[in-house]
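# Close look at the chain arrangement
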Amino acid sequence: QVQLVESGGGLVQAGGSLRLSCAASGSFVGINAMAWFRQAPGKQRELVAVINSGGRTDYADSVKGRFTISRDNAKNSVYLQSNSLKPEDTAVYYCNAEVVTRDYDRLAYWGKGTLVTVSS
């Protein structure tokens, strides 16, 4: 019913930048919060950044000052501008969204992830 598709991952050298994108499609009324999570090998999945429907944001301490989350409600999309990347940022990044479905349920959906690799 709802699909989230991430793009923008890839290989980048330390100190470089990437812009991740996630677009939601399918049958739904609206989207509440949208977020980016990441998971490194052998690590727990962690919240990187979140943005609510009004544009308020929050970030993990490890990315504050380097990453910026934004959204375009007209495009049902969320973005993550990642600057000054470090090898520790290497992970699969997942898009998450709480959507309001056509039957007015609130459901969380996940994208399949996009790999970010930061070389030293």
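Structure's up top.
To start, this report covers the structure provided alongside it. (Residues numbered from 1 in each chain as written. Predicted model: local features only at pLDDT ≥ 70, side-chain atom pairs only at ≥ 80, totals over all residues. Heavy atoms only, no water.)

With that settled, the discussion passes to the overall build of the protein. Of the regular secondary structure elements, the protein holds 0 helices and 11 strands. Mapped from its N terminus to its C terminus, the protein presents α and β elements in the order β-β-β-β-β-β-β-β-β-β-β. Sequence separation of 24 or more characterises 54% of the internal contacts of the protein that already satisfy a separation of 6 or more. For the protein, the computed accessible surface area is about 6,500 Å², with 47% contributed by carbon and sulfur atoms. For the protein, the separation between the mean place of its 13 positive charges and that of its 10 negative charges on side chains is 3 Å. (Helix = DSSP H or I, 4+ residues; strand = E, 2+ residues; numbered from the N terminus. Contact = heavy atoms within 4.5 Å. Areas by Shrake-Rupley, 256 points an atom, 1.4 Å probe, with all protein chains shown as cover. Lys, Arg positive; Asp, Glu negative; His and termini not counted. Charge placed at Lys NZ, Arg CZ, Asp CG, Glu CD.)

Taken as a whole, this structure holds 1 disulfide when the rule is applied. Here C22 is linked by a disulfide to C95, with a sulfur-sulfur distance of 2.1 Å. An S-S torsion of about -80 degrees defines the bridge between C22 and C95 as left-handed. Pair noted here: C22 is in strand β3 (residues 18-26) and C95 is in strand β9 (residues 91-100), with a separation of 73 residues, a long-range link. (Disulfide = S-S within 2.5 Å.)

Two orientations exist for strands paired in a sheet by backbone hydrogen bonds: parallel and antiparallel. Taking strand neighbours across the sheet as the criterion, the 4 strands line up as β1-β3-β8-β7 in an open arrangement whose pairing is antiparallel. Edge strands, defined here as strands with exactly one partner in the open sheet, are β1 (2-7) and β7 (67-72). Direction aside, the axes of adjacent strands within the sheet are offset by 15 degrees on average. In this structure, β1 lies alongside β3, joined through 6 bridges in antiparallel fashion. (Pairing = 2+ DSSP bridges. Axes fitted to C-alpha atoms, helices over the stretch in contact; angles between N-to-C directions.)

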